[in-house]
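# Notes for the structure review
Residues per chain are reported as follows:
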Amino acid sequence: MIKESKGDRILKGFFYVLMAMFGVYCLVPFLTVIGSSFGTESSILRDGYAIIPTEFSIEAYKLIFQDITIYRSYGVTLFVTIVGTILAMVVTSALAYPLSVKTLKYRNFINFYVYFTMLFHGGLVANYLLISKYLDMKNSIWVLIIPALISPWNMFLLRNFFKSIDESIAESAKIDGANDMYILFRIILPISLPAIATVGLFYGLSFWNEWFRAMLYIDDEKLFPLQYLIMRIMNNADFANQVSAQVSLPGYVIPTITTRLATTVVTIGPIIFLYPALQKYFVKGLMVGAVKG
């Protein structure tokens, strides 16, 4: 073992302290949001935000969870996030891997076609007519999944990672009689877990935060995703607050600020646990030793 000098230990300790301070700097605002969400509207207006509220209240959470619709919306969002992420990764991988193979015919043309969609699109009206009229996907849960299965940016990220894999791995498998499907699902994807985890996280966050398509194409309350339902609750709370200000109800303050804080906690709670689960794939070098000889 190499013995550390006194200067090395001091420098390492300095980095530990610096990282700890940065962690506290990132954690304090999140704890403040959680703590303030359990406060009263009047205490926040009077004392400001705090990790430990001066007056404890769960009125904001009662306002959010008083309707059983939010539980159904949680189920819709979980279904859209899980199924959408899985299908998006399958479709994106199926497109990214062929485009990473140099022997693919018309590879440059297909790359340009996908890249072109990042620069130009038909606009909201054309997109709405296509999905609602010609594809007849309005008021369907699949309208929240199918139009978002391919992200050109994520596809190019995955393609570039596939291109960085040594070609001798696929060539050796082809010599042994493996076809392209076998190479993709049994060889390329297992050693591409860092890229799969990163792109999958991007897709998961996108599906979890989806609300715009619901506003355009969903009228059935049973199919409202969580983010869109929360937005409706917030709009109703703002409207009720304006009405109460005009009516001048004595001694009553609608929890508008605390409701915003509570919705933040409710919406980011489940998805935040994805980061610890995927963290090991971001730092683990699975390609080390993949090619021998």
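Residues numbered from 1 in each chain as written. Predicted model: local features only at pLDDT ≥ 70, side-chain atom pairs only at ≥ 80, totals over all residues. Heavy atoms only, no water.

## Here's the deal with the overall build of the chain
Of regular secondary structure, the chain possesses 14 helices and 0 strands. Listed N to C, the secondary structure of the chain is α-α-α-α-α-α-α-α-α-α-α-α-α-α in terms of helices and strands. Residues classed as buried in the chain amount to 34% of the 293 residues present. The long-range share in the chain, meaning contacts at least 24 apart out of those at least 6 apart in sequence, stands at 73%. Counting only carbon and sulfur atoms, one obtains 67% of the accessible surface of the chain, whose full area is about 18300 Å². (Helix = DSSP H or I, 4+ residues; strand = E, 2+ residues; numbered from the N terminus. Buried < 20%, exposed > 50% of the residue type's maximum accessible area, 1.4 Å probe, protein only. Contact = heavy atoms within 4.5 Å. Areas by Shrake-Rupley, 256 points an atom, 1.4 Å probe, with all protein chains shown as cover.)

## Remarks on the environment of V76
Residue placement: V76 occurs in helix α4 (residues 69-100). By relative accessible area, V76 is classed as buried at 7%. Spatially, the C-alpha atom of V76 lies 6.5 Å from that of L223, the residues being 147 residues apart in sequence.

## Re a nonpolar patch on the surface
Taken together, the side chains of F112, Y115, F116, M118, L119, F120, W153, L157 and F202 define a hydrophobic patch exposed on the protein surface, amounting to about 920 Å² of accessible area. Listed by contribution, the elements that provide at least two residues to the nonpolar patch are α5 (107-119) and α7 (152-164). Here F116 lies in helix α5. (Patch = residues over 30% accessible without salt bridge, like charges linked within 9 Å, V, L, I, M, F, W, Y side chains within 5 Å. Salt bridge = Lys/Arg side-chain N within 4 Å of Asp/Glu carboxyl O.)

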